Amino acid sequence: MIAYKGDILYAPTPDRFTVIENGYVLVGDDGKVVATGGSLEALLEATSRGDSDGVDVADQSCTTDETDSITIVDRTGSLIIPGFNDLHVHAPQYPQAGLGFDYELLPWLEKYTFPTEAKYADIDIADHWYRRFITHMWQVGTLRFSAFATLHNEATLRLMQLCQESGLKPLIGKVNMDRNSPNYLVEDTDDSLSSTEQLIQQSRKLTPDIGFIITPRFVPSTTPELMVGLGELAQRYDVPVQSHLDENRNEIDWVRELHPDIPTYTEVYEQYGLMPNNRTIMAHCIWLTDRERAILKDHGVWLAHCPQSNMNLTSGIMPVRRNLDYGLKVSIASDIAAGHEPNMNRHIVTAIEASKMKTFETGYEHDRPLSLSEAFHMATKVGGSFFGKVGSFEPGYDFDALVIAEDESLLELSPEERLERFIYAGSSRDIAERYVSGRLIDKPFA
Ligand code: GUN
Ligand code: FE
């Protein structure tokens, strides 16, 4: 076992941080947290008595020095926090980050996104830019993410292989699009289905740590036949689904024109079998009706709130408080490249800022802004829960962690205040180490 020593900070619930100053996270050989606490002796005693969910450690020594069975990784003075989990990102759009934000969604797709994604037909271009993308995600401490790739199989498999090599553990989806798309970036329906199935099978053999996620781009670009076929694949292979929902008002009008017999955008996905229970991510969800909230809740859908993207493309401000009060699972996500930077620090801050803006419209009583612990919880544990027990340091959770060695401070700061300073004013330069499932992950492709 390994005991990581430092100022331990995580958010098992939205309302407050759990802080153990100068404490320990005890991690088993399987990379999972055994227990956390302030004294190693007490922790070991508790775990050997079986007070925690942990392994049997009765025969192991209790000294704080390195012993046969316990290694101390001493990071005294640093914060140890869960890694970030980004439930909505477009890996191929990384090179267009920062472009086209005088446009709204549909013209932005036409002018910048489709031309960028089309370039990934060239495997050398894909290889180059996917390496840069993965390296940047590593740098900013996003250890798990759910990514859209492009419709190209070869490039998507390469992205999965590069992620496998990097030690990060994302979900990756080949994008499906067979209607209302430019002639240089569109698929035949049958080819789209068969190539998706082929990729699911290949990835199971070649990239065991990388999950596959079914990824219809959005309703306007997928025919009913394709949606039904993808829903069947999701069932047959027991894989998750991700897409976009209720992002932009012109997009919503378009969905209504395409499916006049279906009452809401949400119900299009539902009726075509693309909302498997407890394994679906829907990005944006800005303009939900209560009818849609009820359906999303019924299906246990994760909402990926992408506030930087929503401001960049003038899409709207998600009523995040209303969604949380309704009992929906809301995570925070980058939506690269409609969001222009991957750092989850920024997206946490922007989510808080957007929630404050919302209170100006709706009144503080109805729309209390997000607190730091809530937003941090959304960016760690809520996103992480899509991957299993990830995003917290409770017993049984994968030890996905960042060691934050911040800059000096003029004031005496508590661990919470140091986290706040890192989130608002810090950068990836403050991240000294990154662990995924208990494994130290070095800079990829170095
Ligand atoms: N809707 C359909 N495609 C996209 C995309 O690439 N980005 C965003 N933000 N919304 C979309
Ligand atoms: Fe998106």
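Higher on the page you've got the structure.
Residues numbered from 1 in each chain as written. Chains lettered and ligands numbered in written order. Predicted model: local features only at pLDDT ≥ 70, side-chain atom pairs only at ≥ 80, totals over all residues. Heavy atoms only, no water.

**Structural notes on the pattern of salt bridges**
Then, in step 1: Enumeration according to the criterion identifies 18 salt bridges in this entry.
Then, in step 2: Lys-358 is the salt-bridge partner of Glu-361, the closest N and O atoms lying 3.2 Å from each other. You can see Glu-361 and its partner Lys-358 sitting in helix 12 (residues 344-362), three residues apart, about one turn around the helix.
Then, in step 3: For Glu-394, the salt bridge identified is with Lys-381, shortest N-O distance 2.9 Å. Taken together, the residues Glu-394 in the loop between helix 13 (372-384) and strand 15 (401-404) and Lys-381 in helix 13 connect sequence positions 13 residues apart.
Then, in step 4: On the basis of relative accessible area, Lys-381 is assigned to the buried category, the value being 15%. (Salt bridge = Lys/Arg side-chain N within 4 Å of Asp/Glu carboxyl O. Helix = DSSP H or I, 4+ residues; strand = E, 2+ residues; numbered from the N terminus. Buried < 20%, exposed > 50% of the residue type's maximum accessible area, 1.4 Å probe, protein only.)

**Here we look at the sheet that holds strand 6 (residues 142-148)**
Then, in step 1: The four strands are arranged 5-6-7-9 in an open sheet whose pairing can be described as parallel. Each having just a single partner strand, strand 5 (84-90) and strand 9 (211-212) make up the two edges of the open sheet.
Then, in step 2: For strand 6 and strand 7 (residues 171-173), the ladder comprises three bridges, and the chain directions are parallel. Along strand 7, the bridge assignment pairs Ala-147 with Ile-172.
Then, in step 3: Seen against the sheet, helix 4 (residues 153-166) touches strand 6, strand 7 and strand 9 and runs at an angle of roughly 170° to strand 7. (Pairing = 2+ DSSP bridges. Contact = heavy atoms within 4.5 Å. Axes fitted to C-alpha atoms, helices over the stretch in contact; angles between N-to-C directions.)

**Quick notes on unusual backbone geometry**
Most peptide bonds take the trans form, and the phi angle of most residues other than glycine is negative.
Then, in step 1: Residue Ile-336 is joined to Ala-337 through a cis peptide bond whose omega torsion reads 10°.
Then, in step 2: One non-glycine residue, Asn-22, adopts positive backbone phi at about 50°.
Then, in step 3: Assignment of secondary structure puts Asn-22 in strand 2 (residues 16-27).
Then, in step 4: What makes Asn-22 partly exposed here is its relative accessible area of 38%.
Then, in step 5: Notably, Thr-314 is not glycine yet its phi reads approximately 50°, a positive angle.
Then, in step 6: Here Thr-314 lies in the loop between helix 10 (307-312) and helix 11 (320-325).

**Some details on helix 1 (residues 40-49)**
Then, in step 1: The set of residues buried in helix 1 consists of Leu-40, Leu-43, Leu-44, Ala-46 and Thr-47. Down the axis of helix 1, the buried side of the element spans an arc of 165°, and every buried residue falls inside it.
Then, in step 2: Where helix 1 is buried, its residues contact strand 1 (2-13), strand 2, strand 3 (33-37) and strand 4 (71-82). (Arc of directions from axis to C-beta.)

**Looking at the packing of aromatic side chains**
Between two aromatic rings, the relevant description is the distance of the centres plus the angle of the planes.
Then, in step 1: Summed over all chains, the structure comprises 14 aromatic pairs.
Then, in step 2: Seen from their ring centres, Tyr-120 and Tyr-130 are 5.0 Å apart, and the 40° between their planes marks the pair as tilted. Here Tyr-120, found in the loop between helix 2 (105-118) and helix 3 (123-139), pairs with Tyr-130, found in helix 3; they are 10 residues apart in sequence, far enough to count as distant.
Then, in step 3: Its guanidinium or amino end placed over the ring of Phe-445, Arg-131 lies 4.9 Å from that ring's centre, counting from NZ or CZ.
Then, in step 4: Here the basic side chain of Arg-434 rests over the ring of Trp-138, its NZ or CZ set 3.8 Å away from the ring centre. (Phe/Tyr/Trp six-rings, centres within 6.5 Å; stacked < 30°, edge-to-face > 60°. Lys NZ or Arg CZ within 6 Å of the ring centre and 35° of its normal.)

**Considering the pairing of strand 16 (residues 431-436)**
Then, in step 1: Across the six residues of strand 16, five count as buried, placing the element largely inside the fold.
Then, in step 2: The pairing of strand 15 with strand 16 spans four bridges and is antiparallel. Along strand 16, the bridge assignment pairs Leu-402 with Arg-434.
Then, in step 3: Hairpin geometry of strand 16 and strand 17 (residues 439-440) is characterised by an intervening segment of two residues between the two adjacent antiparallel strands and by a positive phi of about 45° at Ser-437.

**Quick notes on the coordination of the iron ion (ligand 2)**
Then, in step 1: Looking at the iron ion (ligand 2), the protein donor atoms are His-88 (NE2), His-90 (NE2), His-244 (NE2) and Asp-335 (OD), and they sit 2.0 to 2.3 Å from it.
Then, in step 2: Classification of the site at the iron ion (ligand 2) rests on its four donor atoms, whose angles at the metal span 88 to 174°, yielding the label irregular.
Then, in step 3: Site description for the iron ion (ligand 2): donor spacing in sequence, H-x1-H-x153-H-x90-D. Of this pair, His-244 sits in strand 11 (residues 241-245) while Asp-335 sits in the loop between strand 14 (329-332) and helix 12, and the two are 91 residues apart along the sequence.
Then, in step 4: Relative accessible area serves as the criterion here: at 3%, Asp-335 is assigned to the buried category. (Donors = N, O, S within 2.8 Å, 3.2 Å for Na, K, Ca; no water. Tetrahedral: all angles 85-135°; square planar, octahedral: opposite > 155°, others 65-115°.)

**Some remarks on the sheet that holds strand 14**
In sheet architecture, strand pairing relies on hydrogen bonds along the backbone and comes in two forms, parallel and antiparallel.
Then, in step 1: The sheet built from four strands is open, its strands ordered 11-12-13-14 with parallel pairing. The open sheet has two free edges, formed respectively by strand 11 and strand 14, since each of these has just one partner strand. Taking each pair of neighbouring strands and ignoring which way they run, the sheet shows an average axis angle of 30°.
Then, in step 2: Direction of pairing for strand 13 (residues 302-305) relative to strand 14: parallel, over a ladder of four bridges. Considered in strand 14, the bridge of Trp-302 is made with Lys-329.
Then, in step 3: Packing against the sheet, helix 13 makes contact with strand 13 and strand 14, and its axis sits at approximately 105° to strand 14.

**Section: the site of ligand 1**
Then, in step 1: In the vicinity of ligand 1, the contacting residues are His-90, Gln-93, Leu-105, Trp-108, Leu-109, Arg-217, Phe-218, His-244, Glu-247, His-284, Asp-335 and Ala-338.
Then, in step 2: A distance of 2.9 Å separates an oxygen atom of ligand 1 from a polar side-chain atom of Gln-93.
Then, in step 3: Relative to its unbound accessible surface of 270 Å², ligand 1 loses 100% to contact with the protein.
Then, in step 4: It is helix 2 that provides the largest number of residues to the shell around ligand 1, a total of three residues. (Near = heavy atom within 4 Å. Polar contact = N/O pair within 3.5 Å; in protein donor to acceptor, adjacent residues only side chain to side chain. Areas by Shrake-Rupley, 256 points an atom, 1.4 Å probe, with all protein chains shown as cover.)

**Examining the packing of helix 5 (residues 189-206) against helix 6 (residues 224-237)**
Then, in step 1: At their nearest, the axes of helix 5 and helix 6 sit 9 Å apart, and the two run at 20° to each other. Judged on the interaxial angle alone, helix 6 and helix 5 are roughly parallel. Relative to helix 6, the crossing made by helix 5 is right-handed. Within the contact between the two elements, helix 5 uses Thr-189, Asp-190, Ser-192, Leu-193, Thr-196, Glu-197, Ile-200, Gln-201 and Arg-204 and helix 6 uses Glu-225, Leu-226, Gly-229, Leu-230, Leu-233, Arg-236 and Tyr-237.
Then, in step 2: When grouped by side-chain class, the residues that make up the contact of helix 5 with helix 6 number six nonpolar, five polar and five charged. (Parallel < 35°, antiparallel > 145°, perpendicular 65-115°, else oblique. Left-handed = near helix turned anticlockwise from the far one by under 90°. Nonpolar A, V, L, I, M, F, W, Y, C, P; charged D, E, K, R; others polar.)

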